[in-house]
Amino acid sequence: ATGATGPTGATGATGATGATGAISNQFLSTNQNQTGILPGLASVQFGTNTSASGSNIGHIIGSNITLAPNHTYFVQYSLNGITTAGSDMSIMLRLNGIAVDFAASQNVGSYNSISSGVFITTPSTPNPSILNLVNNSSQAINSHNANIQIIQIL
């Protein structure tokens, strides 16, 4: 036979509070709305930041885009333009001067609209990393509109 249940014991000590989760509100949207010439192998110099939040993604008008180390970002970009020699147009992303895998685009013909997106994880050095959108051909592009959106994922 089973006897009656005894009284409840004292409550133990409360454990340590766990770390709080961080919500990333880090993003940048910038564009260039000019009908200027983008020379071959040159970087797009973005002239307007349309929206930005946080300090891990930086951009000063007319200079490089900077990304904090050890983070993952989703980068989406587009460029509309006319090649001055009527040849193919090719653009790519470069992180710290190195081509980003799967982030190069090429269209055939004189008037082109190119867009793509890619995930990028920044290394620990250099700090910060430098991100550029580059005319990847030797031909100049009459760049009508270029834009880039970046969202920090991790």
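Above this text is the structure in question.
Small disclaimer: the values here were computed from a predicted structure and weren't measured. (Residues numbered from 1 in each chain as written. Predicted model: local features only at pLDDT ≥ 70, side-chain atom pairs only at ≥ 80, totals over all residues. Heavy atoms only, no water.)

J.: I keep staring at the overall build of the protein chain and nothing clicks. Help me out?
T.: Scanning the protein chain from terminus to terminus reveals zero helices and 11 strands. From first element to last, N terminus to C terminus, the protein chain shows the α and β order β-β-β-β-β-β-β-β-β-β-β. Its C-alpha atoms put the protein chain at 95 × 35 × 25 Å along the principal axes. In the protein chain, which comprises 154 residues, the share counted as buried stands at 37%. Considering only residue pairs separated by 6 or more positions, the protein chain has 73% of its internal contacts joining residues 24 or more positions apart. Summed over its atoms, the accessible surface of the protein chain is roughly 8,600 Å², and 53% of this surface lies on carbon and sulfur atoms. (Helix = DSSP H or I, 4+ residues; strand = E, 2+ residues; numbered from the N terminus. Buried < 20%, exposed > 50% of the residue type's maximum accessible area, 1.4 Å probe, protein only. Contact = heavy atoms within 4.5 Å. Areas by Shrake-Rupley, 256 points an atom, 1.4 Å probe, with all protein chains shown as cover.)

J.: Explain the sheet that holds strand E8 (residues 98-107) to me, please; I cannot follow it from the model alone.
T.: For sheets, the rule is that strands pair by backbone hydrogen bonds, running either parallel or antiparallel. What the five strands build is an open sheet, ordered E4-E5-E10-E7-E8; its pairing is antiparallel. A strand with exactly one partner marks an edge of an open sheet, and here the two such strands are strand E4 (57-59) and E8. For this sheet, the mean angle separating the axes of adjacent strands, direction not counted, is 20°. Note: strand E7 (residues 89-95) against strand E10 (residues 129-135), five bridges, orientation antiparallel. Each bridged residue has a counterpart across the sheet, and for Arg94 the counterpart in E10 is Asn132. (Pairing = 2+ DSSP bridges. Axes fitted to C-alpha atoms, helices over the stretch in contact; angles between N-to-C directions.)

J.: Would you explain the pairing of E10 in this entry?
T.: Looking along a regular strand, one sees side chains alternate from face to face of the sheet. Burial of E10 is extensive: six of the seven residues sit out of reach of the surface. As judged from the three bridges shared by strand E5 (residues 65-67) and E10, these two strands associate in the antiparallel manner. Note that in E10 the partner of Ile65 across the bridge is Leu131.

J.: Just checking my understanding: could you explain the environment of Leu95 for this structure?
T.: Here Leu95 shows up in strand E7. A relative accessible area of 12% means that Leu95 is categorised as buried. Once residues within four sequence positions are removed from consideration, Leu95 is found in contact with Leu67, Val100, Ile120, Thr121, Thr122, Pro123, Ser129, Ile130 and Leu131.

J.: What am I meant to see in a nonpolar patch on the surface here?
T.: Judged by side-chain polarity, Phe27, Phe119, Ile151, Ile153 and Leu154 come together as a nonpolar surface patch covering roughly 510 Å² of accessible area. On the accessibility criterion, Leu154 (64% relative accessible area) is exposed. (Patch = residues over 30% accessible without salt bridge, like charges linked within 9 Å, V, L, I, M, F, W, Y side chains within 5 Å. Salt bridge = Lys/Arg side-chain N within 4 Å of Asp/Glu carboxyl O.)

J.: So what exactly am I meant to see when it comes to the side chain of Thr30 here?
T.: Topologically, Thr30 is positioned in strand E1 (residues 27-32). A polar contact is formed between the side chain of Thr30 and the backbone oxygen of Thr48, at a distance of 2.7 Å. Ignoring sequence-local partners within four residues, the contact set of Thr30 consists of Phe46, Thr48, Asn49, Thr50, His59, Ile65, Ala146, Asn147 and Ile148. (Polar contact = N/O pair within 3.5 Å; in protein donor to acceptor, adjacent residues only side chain to side chain.)

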